[in-house]
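Tertiary structure, described
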Amino acid sequence: MEASKPRIGIIGTGYVGLVSGSCFANLGFQVTCLDIIPEKVERINKADPPIYEKGLKDLLEKVVLQDKLLHATLDRKEAIDNADIIFICLPTPSGADGSINLDFIKNEAIEIGKLLGEVDEYKVIVVKSTVVPGTTSGIVRQLLEEQSGKTAGQDFGLAMNPEFLMEGLAISNFTNPDRVVIGSVDQQSYDFVKRLYSEFNCPILKTSTSAAEMIKYASNSFLATKISFINEIANVCEMLDIDVGEVAEGVGLDDRISPRFLRAGVGFGGSCFPKDVKALYSVSKAVNRESNILKATLATNASQPLRSVELLASLMPLTGKTIALLGLAFKPDTDDMREAPSVIIAEKLIQEGAKVKGYDPIAKETAEIALPQIQHCHSVPEVLEGSDAVILVTEWDEFKNLQPIDLSSVSQKIIIDGRRALNWKEFREAGFIIKVLGQSVP
Ligand code: UDX
């Protein structure tokens, strides 16, 4: 192995794999990315990102076309042969009972194991996918050893290195993390993986592989719980004529709490929080230590999007009305529709007899797939045209600066601000009825 810069293999060019691979290449590492979808490989090699992430196109142009440090392939052997450290970045989707499906990880461990058996060099396999505690040292280790005829921690390295990337901020999160967690089966695996992060100016935590897996779940579950907590406080504030924004500010100024993840609204969505809380809850039940907190976090989040529909229904009958949704993605700066509150809101509105139109500045193709039952629009004026009322679902910058004049075509002048994003005073002064989640507006 080359002394200064280990070569990296990335298995799976989804969100985590592609961002991590591009950022490692930007740090000067030679990166080979493997995927099974030819179109993705082709696009990556042309520096055309198959996912939307702020800054990723520019980064790919640099590392693929200019520096030639990142290359994608369909050939697993090429990816493994050209790597000293191999990251498994494959999806671990939720099953119906909330537990995660490890089929992709298991199949990959079998394939990597076979190839490991054919090479003489020492390589480190790193699980980056979010997996339940015990997966790396259990099933992954077992399959790698069975297929290769080699021993982890001796003939090859094995580690677990969770990611904490937020969509829309993934590149800066990768470059400036709060911490790097490396769980490993032995010291040598740890030392190898640590070399990738030698330029990072943050704590590097050495743990067992199972603790690393648990850190990822516990972090996401804590943040999700913080959101459900403030949403419950918001619901109480509404009844007591208190603005939850003021409360969150006062609470967040306590250094022990921090102001982040205290924004009340229609609830959390996305690829991680719902899935990870469900998975950890499922683990807690499997080991006979059912988590009441996680159960409540999920229950609160399931009902939170419906608060906006309840508020609207308290102001007007919904049957036969046309409701415009501003924002469809699960959060701003992404086109991701996974577990987006907009889907629950739209379904409920339709169930109540309303017609739904939606507009999202970026999530167009993805929203058309996730929400085929609504009318999709291409601009704010188009979505508002012919609408009776509006629900703001995603706090895109484009919506934050909307003025009453921009919403003048909304026939009943009713707005539900599900993200506390609009200047409600201006709208009220202009004659609108605007209800803001977590605030009782008389
Ligand atoms: C999250 C984690 O933050 C990240 O560490 C992990 O690796 C993946 O999951 P992401 O899903 O990209 O990242 O989004 P994030 O910005 O954390 O927001 C998650 C959801 O919570 C969004 O729906 C967002 O709108 C909601 N949210 C967030 C709130 O409702 N209130 C808040 O205060 C913060």
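Residues numbered from 1 in each chain as written. Predicted model: local features only at pLDDT ≥ 70, side-chain atom pairs only at ≥ 80, totals over all residues. Heavy atoms only, no water.

A tally of helices and strands in the chain yields 17 helices and 14 strands. Here the C-alpha radius of gyration of the chain, 24 Å, is about what a compact globule of 442 residues would show, namely 22 Å. A buried classification covers 53% of the 442 residues belonging to the chain. For the chain, the proportion of contacts with a sequence separation of at least 24, taken over those separated by at least 6, is 71%. Accessible surface for the chain amounts to roughly 19000 Å². Of this, 53% is attributable to carbon and sulfur atoms. (Helix = DSSP H or I, 4+ residues; strand = E, 2+ residues; numbered from the N terminus. Rg over C-alpha atoms; globule rule 2.2 N^0.38 Å. Buried < 20%, exposed > 50% of the residue type's maximum accessible area, 1.4 Å probe, protein only. Contact = heavy atoms within 4.5 Å. Areas by Shrake-Rupley, 256 points an atom, 1.4 Å probe, with all protein chains shown as cover.)

With that settled, consider the packing of aromatic side chains. Taken as a whole and assessed by the stated rule, the structure comprises eleven aromatic pairs. An angle of 90° between the planes, with centres 5.9 Å apart, marks the rings of phenylalanine 24 and phenylalanine 29 as edge-to-face. What makes phenylalanine 24 buried here is its relative accessible area of 0%. Following the ring pairs from residue to residue traces out a cluster consisting of Phe24, Phe29, Phe87, Phe174, Tyr197 and Phe200. The aromatic ring of phenylalanine 432 is capped on one face by lysine 413, whose charged end is 5.0 Å from the ring centroid. (Phe/Tyr/Trp six-rings, centres within 6.5 Å; stacked < 30°, edge-to-face > 60°. Lys NZ or Arg CZ within 6 Å of the ring centre and 35° of its normal.)

A few words now on the site of the ligand. As a matter of local geometry, the ligand sits amid 19 residues, with Glu167, Arg263, Gly269, Cys272 and Lys331 nearest to it. One of the backbone nitrogen or oxygen atoms of phenylalanine 164 is found 3.3 Å away from an oxygen atom of the ligand. The backbone of leucine 165 places a nitrogen or oxygen atom 3.1 Å from an oxygen atom of the ligand. Burial of the ligand by the surrounding chains reaches 96%, relative to a free accessible area of 670 Å². When residues in the shell around the ligand are grouped by element, the largest group, three residues, is from helix 9 (residues 209–240). Tallied by class, residues from the shell around the ligand come to ten nonpolar, three polar and six charged. (Near = heavy atom within 4 Å. Polar contact = N/O pair within 3.5 Å; in protein donor to acceptor, adjacent residues only side chain to side chain. Nonpolar A, V, L, I, M, F, W, Y, C, P; charged D, E, K, R; others polar.)

On to the pairing of strand 1 (residues 8–11). Burial along strand 1 is two-sided: Ile8 and Ile10 facing one way and Gly9 and Ile11 facing the other are all buried. A crossover links strand 1 with its parallel partner strand 2 (residues 31–34), the connecting element being helix 1 (residues 15–26), and its sense is right-handed. By the bridge criterion, four bridges tie strand 1 to strand 4 (residues 85–88) in an arrangement that is parallel. What sits directly across from isoleucine 8, in strand 4, is isoleucine 85. (Right-handed = clockwise from strand over helix to strand, strands pointing away. Pairing = 2+ DSSP bridges.)

Glancing now at the nonpolar core. Counting 50 residues, the largest nonpolar core has Leu312, Ile323, Leu325, Leu349, Ile391 and Leu407 as the members making the most contacts within it. When residues of this core are traced back to their parent elements, those giving at least two are helix 12 (292–313), strand 9 (322–326), helix 13 (341–351), strand 10 (355–359), helix 15 (380–384), strand 12 (389–392), strand 13 (414–417) and strand 14 (433–436). If we ignore the near neighbours within four places in the chain, the residues touching leucine 407 are Leu384, Val390, Leu402, Ile415, Phe427 and Phe432. The next biggest cluster of nonpolar side chains, apart from the first, holds 42 residues, and it includes Ile8, Leu60, Leu69 and Phe200. (Core = buried A, V, L, I, M, F, W, Y, C linked by side-chain atoms within 4.5 Å.)

So, on to the environment of isoleucine 345. Position of isoleucine 345 among the secondary structure elements: in helix 13. Separated by 48 residues in sequence, isoleucine 345 and valine 393 have C-alpha atoms that sit 8.7 Å apart. For isoleucine 345, the residues in contact, after removing those within four places along its chain, are Val266, Pro305, Ser308, Val309, Leu325, Ile391 and Val393.

Split by domain assignment, the chain resolves into domain 1 (8–207) and domain 2 (221–436). One C-alpha centre belongs to domain 1, the other to domain 2; they are set 34 Å apart. Facing 14 residues of domain 1, the contacting portion of domain 2 comprises 17 residues. A buried area of about 1300 Å², summed over both sides, lies between domain 1 and domain 2, and 53% of it is on carbon and sulfur atoms. Its largest share of buried area at the contact with domain 2, domain 1 owes to Tyr52, Met166 and Glu167, together 46% of the area lost on that side. Applying the counting criterion to the domain 1 and domain 2 interface returns one salt bridge. For the pair domain 1 and domain 2, the number of links is four residue pairs in polar contact (both at pLDDT 80 or more). (Domains from an automatic or database assignment. Buried area = accessible area lost by both parts, 1.4 Å probe. Salt bridge = Lys/Arg side-chain N within 4 Å of Asp/Glu carboxyl O.)

This paragraph deals with the pattern of salt bridges. A full pass over the atoms with the stated rule returns 26 salt bridges. With a closest N to O distance of 3.0 Å, arginine 7 and aspartate 84 form a salt bridge. Pair noted here: arginine 7 is in the segment before strand 1 and aspartate 84 is in the loop between helix 4 (76–81) and strand 4, with a separation of 77 residues, a long-range link. Note on aspartate 84: relative accessible area 3%, which makes it buried.

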